[in-house]
Amino acid sequence: MRTLATLLCIALTGISQCSIAKDMTLTVGGFYSQSDSSIDVTDPIIGEDFRLDFESDLKLAENQFLPFFEFEYAFGNRHNLYLDWKRLHRSAETTAVTRPFQVQIDDTVYEVRAGGKLDTTLNIDILRLGYGYDVFEGNDYTLGVTLGLHTMFIKSMFEGAIGACLATELNENLCGSRPIPQVVENKVTAPLPDIGIIGRYEFLPGWEFTGHAQYFQIKLDDLKGSLTDIRAGVNADLGDSWQLSLAYNYYKVDVDITQSAQNIKVADYNIYYSFIGPMVSVSYKF
């Protein structure tokens, strides 16, 4: 890990800067999340699109306590590299689907009929890589700017009595007459850049306020999304390079993704992922 960080340091600032003041911090903790996610599908009976909600319609958990980790590499006095990861993996069983729906993936249309049993999995991993520069610094404070990239890795899977047909045969009512697949799986990657500010203030020896705010909005081809990440907390020095952190975080990602193949709509995703609540973590500096 140190070798990788050193190479990034050289690329950003040059060899001379990378020999100055280097610190690495590894943070592990947990947070309380509230999630809302959906996918746009079609009602095969009336032929209209509607939004299928993973939480209310397919019974995925809305609230969970989840893990996260962060890695920070400080070098050249004012430069910082950030890497963090958040994980939201959920599965649920719907004993009887209340409304039938069709979803198209590539050139195949999959149909789930009302009353059938359906197992649903929706896994979301968020990886952030960022760079920060301390614009202002003093003996007991720093204030800087950040530039980063959040990447969402989304995996959805349906398992149950699911009919299938080719998109070209959709109007021929053949979805129910084909062999029934047991698993339908789809993967999506959504990158979202961000800009923001970050700072700290040591108000007592070994105690400091910390905070950051990051935001970005993008609309590009079939991807549209926004990101808001605001955190404020207190760090306490435990000695021997250990630190305890308590923070309050507002974090929201709203992404609309339209997947297409040869000018044919494949699937529309709307992923709304948020948590507003406490975070607790332990850090080690080395």
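Refer to the preceding data block for the structure.
Residues numbered from 1 in each chain as written. Predicted model: local features only at pLDDT ≥ 70, side-chain atom pairs only at ≥ 80, totals over all residues. Heavy atoms only, no water.

**Remarks on the overall build of the chain**
Then, number 1: Helix and strand counts for the chain stand at one helix and 14 strands.
Then, number 2: Within the chain, buried positions represent 44% of all 286 residues.
Then, number 3: Excluding contacts between residues fewer than 6 apart, the proportion of contacts in the chain whose partners are at least 24 apart in sequence is 67%.
Then, number 4: On the chain, roughly 14800 Å² of surface is accessible, and the fraction owed to carbon and sulfur atoms is 56%. (Helix = DSSP H or I, 4+ residues; strand = E, 2+ residues; numbered from the N terminus. Buried < 20%, exposed > 50% of the residue type's maximum accessible area, 1.4 Å probe, protein only. Contact = heavy atoms within 4.5 Å. Areas by Shrake-Rupley, 256 points an atom, 1.4 Å probe, with all protein chains shown as cover.)

**Some remarks on the pattern of salt bridges**
Then, number 1: Counting across every chain of the model gives nine salt bridges.
Then, number 2: Taking the shortest distance from any N to any O, the salt bridge between D43 and R99 comes out at 2.9 Å. One end of the pair, D43, is in the loop between β1 (23–42) and β2 (49–53); the other, R99, is in the loop between β4 (79–94) and β5 (101–105), with 56 residues separating them in the sequence.
Then, number 3: The exposure class assigned to D43 is buried, which follows from its relative accessible area of 6%. (Salt bridge = Lys/Arg side-chain N within 4 Å of Asp/Glu carboxyl O.)

**Quick look at the layout of surface pockets**
Then, number 1: Its volume calculated, the largest pocket comes out at about 1300 Å³.
Then, number 2: Lining the largest pocket are 50 residues, and of these E72, R200, E208, T210 and N235 sit closest to its centre. (1 Å grid on protein atoms, 1.4 Å probe; cavity = no way out; pocket = protein on both sides within 12 Å on 5 of 7 lines; lining within 4 Å. Points joined across faces, edges and corners; volume = space filled by probe spheres on them.)

**A few points about the packing of aromatic side chains**
By convention here, two paired aromatic rings are described through the distance between centres and the angle between planes.
Then, number 1: Under the definition given, this model contains eight aromatic pairs.
Then, number 2: For the ring pair F54 and F158, a centre distance of 6.4 Å and an interplane angle of 10° mean the geometry is stacked. With a gap of 104 residues between them, F54 in the loop between β2 and β3 (63–75) and F158 in strand β8 (residues 141–160) connect regions that are remote in the sequence.
Then, number 3: Ring geometry for Y284 versus F286: centroids 5.9 Å apart, planes at 20°, classification stacked.
Then, number 4: Cluster of aromatic residues (ring-pair linked, three or more members): F54, F101 and F158.
Then, number 5: The ring of F50 carries R99 above its face, with NZ or CZ at 3.8 Å from the centroid. (Phe/Tyr/Trp six-rings, centres within 6.5 Å; stacked < 30°, edge-to-face > 60°. Lys NZ or Arg CZ within 6 Å of the ring centre and 35° of its normal.)

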